[in-house]
Amino acid sequence: MLRLRRAAVACEVCQSLVKHSSGIKGSLPLQKLHLVSRSIYHSHHPTLKLQRPQLRTSFQQFSSLTNLPLRKLRLSPIKYGYQPRRNFWPARLAARLLKLRYLILGSAVGGGYTAKKTFDQWKDMIPDLSDYKWIVPDIVWEIDEYIDFEKIRKALPNSEDLAKLAPDFDKIVESLSLLKDVFTTGHKLVSEVIGASDLLLLLGSPGETAFRATDHGSESDKHYRKVTDKEKIDQLQEELLHTQLKYQRILERLEKENKELRKLVLQKDDKGIHHRKLKKSLIDMYSEVLDVLSDYDASYNTQDHLPRVVVVGDQSAGKTSVLEMIAQARIFPRGSGEMMTRSPVKVTLSEGPHHVALFKDSSREFDLTKEEDLAALRHEIELRMRKSVKEGCTVSPETISLNVKGPGLQRMVLVDLPGVINTVTSGMAPDTKETIFSISKAYMQNPNAIILCIQDGSVDAERSIVTDLVSQMDPHGRRTIFVLTKVDLAEKNVTSPSRIQQIIEGKLFPMKALGYFAVVTGKGNSSESIEAIRDYEEEFFQNSKLLKTSMLKAHQVTTRNLSLAVSDCFWKMVRESVEQQADSFKATRFNLETEWKNNYPRLRELDRNELFEKAKNEILDEVISLSQVTPKHWEEILQQSLWERVSTHVIENIYLPAAQTMNSGTFNTTVDIKLKQWTDKQLPNKAVEVAWETLQEEFSRFMTEPKGKEHDDIFDKLKEAVKEESIKRHKWNDFAEDSLRVIQHNALEDRSISDKQQWDAAIYFMEEALQARLKDTENAIENMVGPDWKKRWLYWKNRTQEQCVHNETKNELEKMLKCNEEHPAYLASDEITTVRKNLESRGVEVDPSLIKDTWHQVYRRHFLKSALNHCNLCRRGFYYYQRHFVDSELECNDVVLFWRIQRMLAITANTLRQQLTNTEVRRLEKNVKEVLEDFAEDSEKKVRLLTGKRVQLAEDLKKVREIQEKLDAFIEALHQEK
């Protein structure tokens, strides 16, 4: 009776398995059952009349392979009774085989229908790719021209080879015969049925449903079920991590394939794949808007509320490492304990076929897959940072814009800020801490900025400064994402693991956030690759207790999950705020245009660059006008300027010493010696200086003289700066002095005056020079002795005591000259004593030095008057000159000297004019062009030299228009993407 009861129980279990297997996803495979259990699929044993078991749901269990709840069975009570045993096993076997045939055919038909329905559903889910045919290269459509499909068909296996892969039907027949033998054995049937329940209990695993044969379980069964649930939870967590890593690897493989496909599309090769111009991506368009805004106003005075991801954290908290993991490249300079981020770096991440980086103002691309390009990029970023920092400062608010493209990168804009410091160390500027705070606040006070708060997990949270700063900027945590770095070190060093959970949830400090993430940024080795860090991070979290103990969720770990969350938050913020910002800039544009129309109705809206180009053209035109100056004008101004420079030397050091010798032979000898010395040492250099100054004066005259109504005073500062810088850079040709020295020496050696006209010109030149000196001498005497009686009476002026002494001395010396008009140039000692005694007799006390000074001016006036009288006598002396003054008391050697000087000046002026027009003007024009090019690249100089309300208004108007146009284009592209 006990055996029959167990057989009935087993039959009911098998019946429930067969009837309800279709409702259980991932049901128990048939081949795993016992041999007898596989053969028994009837509803109940023919010898036993059992009721159909009632099903009920006890509790739901989930497996890693299915999401559907598995059901447990409740067996109905068995009714016992006597039934006659009839052994018709051949008929039953045939019936079973026929039923098996129907099951196979039905499954095939049903499976085919289900497969077709599933295929139709998948087909409806696939988007229409007809609009994206342009992505596929032309070679794909013409692939039959390059691939011989006939050869491929012949290379495929034939039907005989494929038949070998089909199942062996003979073995299937043998298995069916084995079933026949099993059913013939009656005693085996009963024993196998008795063990069926035990087999089903043994097959119960942590991932599958456990069945119970009775309604009432013991306490040991309940304990077993509780332990199994805990194990299931642990296994589910492990499977979740494994599944996440598996799909991540699949995604990376797909991204790699996508990268190769994009290379084929974008690169142009010899196989007929043509380069196509792709549309600019959304993130690139958005980044351009932010760049224009940064150039427009870096201090956020324009109420720039466009979203950015602002990365803030304490110094050495791991900000740079997190950014590099998101960008998938080691792109930032690194240092041990030293402040490396000295200015904000705006990093625009976008998807692209190649992993490259480039700066906004440069066309060079850095291949991030090559170590030498990575090193060059880090060096360039460091140079730009140090260049942006002004002297006496440690950090700079100037933003460096960098674009990073690559397969699989999340599209967003991040701004890496200098690390927040607590104390200023040696080598830093005293205001470094306040400057970093002001820069961070300027970016975080944007109500649409996403704050990525980086906290070092390996140090105490109480030592953090940045959390307080973030709490001030975003007290409700509506746009803050908290990231705990170096979790591996934190888990290793922290004695209480729950402390990490408290940090992640913000319970140790009053900071709220949208989300909390934990990442691992490597083992502290700067030479570690991104792939190695990512593998280490995945391995750590796979084995970490933080996930196994449910302190952290699976979506809260790894840098990849962080980048996905930040990207989603960024684009959500962009879509919510970009249209509002566009409307704000439209209103700003209208206000600026109205102000321009009211203040400058007749002027075009030229910004600073356009004004600079206009001024540049005017300056170049003025330089070209130098070449249009006539040769006569050049020679006149050169000759006049040179004589003004050398006249003092000629009169004081050459003419007067020679003229006071009172001997023609001595006069000529003295003149020749002094002229030779002058020519060898001073004259060529003086001539070049005069020519260079003359060129400067003419250049300045053309640059500064007003042009009438067309003159625009807004260019005055710029022109003056260009003139000064060009003159500073210009140097006269070094060979000019050597050639000029030879010419001047030959000109001064010539004494032959060819005609009377030249003689008269020399006399006129001599008279002008002597009269100018006589006038200067009389002015000096007047200043020495004071006003004469006429000025004293008319202008009520009096002489000083010193002037009275000079006047008495002058009168005494004039009496001496009247007595001896041929007196030499110097006073003898006895003459000085005589003059002093005569003055003392009249009550005038004088000093011998005062007598000498007064004598120098008195005698000089006397000599110049005598020389002028001699010039008048020499007007008719050309005839005697031709006869070399033979049989004549008239000697006009001084006229010959001035003729030689005059001729030297004319020849020198002609030579300098040729050098000017042929060489120096062109060199000056070249210098001006170089200066203008340098100024064009120096934005600071343009801002300093082109100033005024008109310039600033035009500059603002242009920038606002550019911002609005880019925003409109971005919004249109954003709507198209939706």
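Remember, predicted model here, so these are calculated numbers, not experimental data. (Residues numbered from 1 in each chain as written. Predicted model: local features only at pLDDT ≥ 70, side-chain atom pairs only at ≥ 80, totals over all residues. Heavy atoms only, no water.)

J.: Sorry if this is basic, but what is going on with the pairing of strand β2 (residues 345–351) here?
T.: Look at any regular strand and the pattern is simple: side chains alternate between the two faces of the sheet. Of all seven residues in β2, six are buried, a share of seventy percent or more. The sheet contact formed by β2 and strand β5 (residues 400–406) spans seven bridges and is parallel. Paired with Lys346 across the bridge in β5 is Ser401. Sheet analysis places β2 next to strand β6 (residues 412–416), joined by five bridges and oriented antiparallel. Counted as the bridge partner of Lys346 is Val415 from β6. (Buried < 20%, exposed > 50% of the residue type's maximum accessible area, 1.4 Å probe, protein only. Helix = DSSP H or I, 4+ residues; strand = E, 2+ residues; numbered from the N terminus. Pairing = 2+ DSSP bridges.)

J.: Could you clarify how one ought to interpret the state of the cysteines in this entry?
T.: Here the structure, examined in full by the defined rule, presents one disulfide. The disulfide bridge from Cys874 ends at Cys892, spanning 2.1 Å between sulfur atoms. Of note, the bridge from Cys874 to Cys892 carries an S-S torsion of about -100° and is left-handed in sense. In this pair, Cys874 is assigned in helix α31 (residues 848–874) and Cys892 in the loop between α32 (878–882) and α33 (893–937), connecting sequence segments 18 residues apart. Of the two residues examined, Cys874 and Cys892, each falls in the buried class. (Disulfide = S-S within 2.5 Å.)

J.: When you look at the sheet that holds β2 in this model, what are you seeing that I'm missing?
T.: Adjacent strands of a sheet pair through backbone hydrogen bonds, lying either parallel or antiparallel. Pairing is mixed across the open sheet formed by nine strands, whose spatial order is β4-β3-β5-β2-β6-β1-β7-β8-β9. Among the strands making up the open sheet, the edge pair consists of β4 (366–367) and β9 (515–518). Sheet analysis places strand β3 (residues 356–359) next to β5, joined by four bridges and oriented antiparallel. From the neighbouring strand, Phe359 faces β5, where its bridge partner is Leu402.

J.: Help me out: how do you make sense of the environment of Val844 in this one?
T.: The topology assignment puts Val844 in the loop between α30 (829–841) and α31. Its relative accessible area of 12% is what places Val844 among the buried residues. Contacts of Val844, omitting those with residues within four sequence positions, involve Val805, Glu808 and Leu839. (Contact = heavy atoms within 4.5 Å.)

J.: Help me out: how do you make sense of the nonpolar core in this one?
T.: Side chains of nonpolar character tend, in soluble globular proteins, to be buried together. Residues Tyr655, Trp678, Leu695, Trp759, Ile901 and Val928 are the most contacted members of the largest nonpolar core, which totals 102 residues. With 17 residues, α33 is the single largest residue contributor to this core. Setting aside anything within four residues of it in sequence, one finds Val928 in contact with Ile619, Leu620, Val623, Phe699, Val722 and Ser726. (Core = buried A, V, L, I, M, F, W, Y, C linked by side-chain atoms within 4.5 Å.)

J.: Which parts of the structure should I look at to understand helix α14 (residues 432–444)?
T.: In an α-helix, one turn spans 3.6 residues; hence positions three or four apart end up facing the same way. Look at α14: 18 Å from first C-alpha to last across 13 residues, which is about the 18 Å you get at 1.5 Å a residue. In this fold, the buried residues of α14 make contact with β1 (309–313), β6, β7 (450–456) and α15 (466–473). (Expected span 1.5 Å × (residues − 1).)

J.: Could you clarify how one ought to interpret the packing of helix α11 (residues 282–296) against helix α20 (residues 559–599) in this entry?
T.: Relative orientation and spacing of two packed helices are given, respectively, by the angle between their axes and the distance between those axes. Contact geometry for α11 and α20: axes closest at 13 Å, N-to-C directions at 50°. The angle between the axes of α11 and α20 places the two elements in the oblique class. The handedness of the crossing between α11 and α20 is left-handed. Note on element contacts: α20 touches α11 through Phe570, Trp571, Val574 and Phe585, opposite Leu282, Ile283, Tyr286 and Leu293. Considering only residue class, the contact of α11 with α20 consists of eight nonpolar, no polar and no charged. (Axes fitted to C-alpha atoms, helices over the stretch in contact; angles between N-to-C directions. Parallel < 35°, antiparallel > 145°, perpendicular 65-115°, else oblique. Left-handed = near helix turned anticlockwise from the far one by under 90°. Nonpolar A, V, L, I, M, F, W, Y, C, P; charged D, E, K, R; others polar.)

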